[in-house]
Amino acid sequence: LAEFGYYSKDWRNNFASYNSDFGGHPDRLKVPGVEDSTGSLGHGIAIAAGMAYAQKIRSTTARVFCLIGDGELNEGTIWETLLIASQHKLNNFIVIVDQNHSSDRAINPTSLTSKFDSFFHIYF
């Protein structure tokens, strides 16, 4: 978001420090460009998919980016949303996974690419 001018690159210098605008979860009231403070794991991707679907209906060229953690992949909402995104061919919907290995015991991290590809390779 700093690259697109939403805030100064200097903001990154105090990431996750006391009184930083960047806390554990992006806060839409503190970080310009963040559309929603999602809180519970798995909610953000569904909101982002809805936003991407709305842009597709409007025939815009806008893209929607959603950042999720690999721990969220344990939530059913993630996979249900990917099914819907695939069904509606949301090629304007970009999901970025922070694979910090917090869920290695539940989901094999080496298979993430093939799992995501299985939802979308037919359409894109």
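Rules of the game
Residues numbered from 1 in each chain as written. Predicted model: local features only at pLDDT ≥ 70, side-chain atom pairs only at ≥ 80, totals over all residues. Heavy atoms only, no water. Helix = DSSP H or I, 4+ residues; strand = E, 2+ residues; numbered from the N terminus. Buried < 20%, exposed > 50% of the residue type's maximum accessible area, 1.4 Å probe, protein only. Contact = heavy atoms within 4.5 Å. Areas by Shrake-Rupley, 256 points an atom, 1.4 Å probe, with all protein chains shown as cover. Salt bridge = Lys/Arg side-chain N within 4 Å of Asp/Glu carboxyl O. Core = buried A, V, L, I, M, F, W, Y, C linked by side-chain atoms within 4.5 Å. Axes fitted to C-alpha atoms, helices over the stretch in contact; angles between N-to-C directions. Parallel < 35°, antiparallel > 145°, perpendicular 65-115°, else oblique. Left-handed = near helix turned anticlockwise from the far one by under 90°. Nonpolar A, V, L, I, M, F, W, Y, C, P; charged D, E, K, R; others polar. Polar contact = N/O pair within 3.5 Å; in protein donor to acceptor, adjacent residues only side chain to side chain.

1. Thoughts on the overall build of the protein chain
Regarding its fold elements, the protein chain presents 3 helices and 2 strands. Order of helices (α) and strands (β) in the protein chain, N terminus to C terminus: α-β-α-β-α. Buried residues in the protein chain amount to 30% of all 124 residues. For the protein chain, restricting intrachain contacts to residue pairs at least 6 apart in sequence, the fraction spanning at least 24 positions comes to 62%. Accessible surface, the protein chain: about 8,200 Å² in total, of which carbon and sulfur atoms supply 52%.

2. With respect to the pattern of salt bridges
Under the defined criterion, the tally for this structure stands at 1 salt bridge. Across the salt bridge formed by glutamate 3 and lysine 9, the nearest N and O atoms sit 3.4 Å from each other. Look at glutamate 3 and you get exposed, because its relative accessible area is 57%. Residue lysine 9 is classed as partly exposed on the basis of its relative accessible area of 42%.

3. Quick notes on the nonpolar core
Judged by nonpolar contacts, the single largest core of 18 residues is most densely connected at Ile45, Leu73, Ile78, Trp79, Leu82 and Phe93. The set of elements that each furnish at least two residues to this core consists of helix 1 (43–57), strand 1 (64–69), helix 2 (76–87) and helix 3 (112–120).

4. Quick notes on the packing of helix 1 against helix 2
Relative to each other, helix 1 and helix 2 sit at 15°, their axes nearing to 8 Å. Overall, the two elements helix 1 and helix 2 adopt an arrangement that is roughly parallel. Taken as a pair, helix 1 and helix 2 cross one another with a handedness that is left-handed. Together, Ile45, Ala46 and Ala49 of helix 1 and Thr77, Ile78, Thr81 and Leu82 of helix 2 make up the contact between the two elements. Broken down by class, the residue content of the contact of helix 1 with helix 2 amounts to 5 nonpolar, 2 polar and no charged.

5. Re the environment of serine 118
Along the polypeptide, serine 118 turns up in helix 3. Residue class for serine 118 comes out partly exposed when judged on its relative accessible area of 46%. A distance of 2.6 Å separates a polar atom in the side chain of serine 118 from the backbone oxygen of lysine 115.

None of this, on its own, says anything about what the molecule does.
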